[in-house]
Amino acid sequence: MNKNIIYLAGGCFWGVEGYFQKIDGVVDTEVGYANGKTDKTNYHAVKLTDHAETLKVTYDSDIISLEDLLVHYFRLINPTSINKQGNDRGRQYRTGIYSEDDTTRNRIQLSLDKLQERYDEPIAIENEVVNNYVKAEDYHQDYLLKNPLGYCHVNLKRAEDPLSDDELALKADPEDIEKLYR
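Keep in mind it's a predicted model, so treat the numbers as computed, not measured.

Parameters at a glance
- Residues numbered from 1 in each chain as written.
- Predicted model: local features only at pLDDT ≥ 70, side-chain atom pairs only at ≥ 80, totals over all residues.
- Heavy atoms only, no water.
- Buried < 20%, exposed > 50% of the residue type's maximum accessible area, 1.4 Å probe, protein only.
- Helix = DSSP H or I, 4+ residues; strand = E, 2+ residues; numbered from the N terminus.
- Pairing = 2+ DSSP bridges.
- Right-handed = clockwise from strand over helix to strand, strands pointing away.
- Polar contact = N/O pair within 3.5 Å; in protein donor to acceptor, adjacent residues only side chain to side chain.
- Core = buried A, V, L, I, M, F, W, Y, C linked by side-chain atoms within 4.5 Å.
- Contact = heavy atoms within 4.5 Å.

Peer 1: Just to check I follow, could you spell out the pairing of strand E6 (residues 95-99) for this structure?
Peer 2: Put simply, side chains in a regular strand alternate between the two faces of the sheet. Of all five residues that make up E6, five are buried, and the element is covered over most of its length. Burial along E6 is two-sided: the residues Thr95, Ile97 and Ser99 and Gly96 and Tyr98 are all buried. Of the pairings in the sheet, the one linking E6 to strand E7 (residues 126-129) comprises four bridges and is parallel in character. Bridge assignment links Gly96 to a residue of E7, and that residue is Glu126. Once you follow E6 into helix H4 (residues 102-116) and on to E7, the crossover reads as right-handed.

Right, dumping it as structure tokens:
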């Protein structure tokens, strides 16, 4: 197994987690708060600490690539929306992709550049190295598994749909990815 970690902020973390739990190659999910101003926060303090609701995704890159995960992520969000997804409003619901190193951040940027080509307005997805990640409270973990009728702005059934050719066109070119590792 070739384990890797990526952090995805896409609005309410319950739906983002519910979606990625259905993706083959995702081996673990954990909801939390990322890229705020402090190293401590909780659900009631995120407005003050400026953390984003974020899903920590552990995946097996022998089964699913980072680029395929990003295409799935792009399905879930409105990439031009600032500080809101679905009915959720506020900076804690901003979109962002957070990685643990600059090489991965550069890989992510290749896919974001492809996504931007499809929009006239600028995409509003942060692409940063993760900092100040805090695991969310236990009642938030696996929320939609424990509360199947809970609120979710994400269409979880889309996880069962194969990626279309149009969606796969958002993947970074393998040659450009290879250049990052030279």
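Peer 1: In this structure, what is going on with the side chain of His51? I would like to understand it.
Peer 2: Of note, His51 is situated in the loop between helix H2 (46-49) and strand E3 (52-60). Within polar-contact distance, the side chain of His51 engages the backbone oxygen of Thr38 at 3.1 Å. A polar atom in the side chain of His51 sits 3.0 Å from the backbone oxygen of Asn132.

Peer 1: Looking at this structure, I do not really get the nonpolar core. What am I missing?
Peer 2: In a soluble, globular protein the nonpolar side chains are often hidden away together inside. In this structure, Ile6, Phe20, Phe74 and Ile97 are the most contacted members of the largest nonpolar core, which totals 40 residues. Put simply, the parts of the chain that give this core at least two residues each are strand E1 (3-10), helix H1 (13-20), strand E2 (26-34), E3, helix H3 (66-76), H4 and helix H5 (143-146). Among the elements that line this core, the one with the most residues is H3, at seven residues. Non-local contacts of Phe20, meaning those with residues more than four positions away in its chain, are made with Leu8, Val26, Leu55, Leu69, His72, Tyr73 and Leu76. By size, the runner-up hydrophobic cluster in this structure holds six residues, among which are Tyr7, Ala34, Ala52 and Val130.

Keep in mind these values describe shape, not function.
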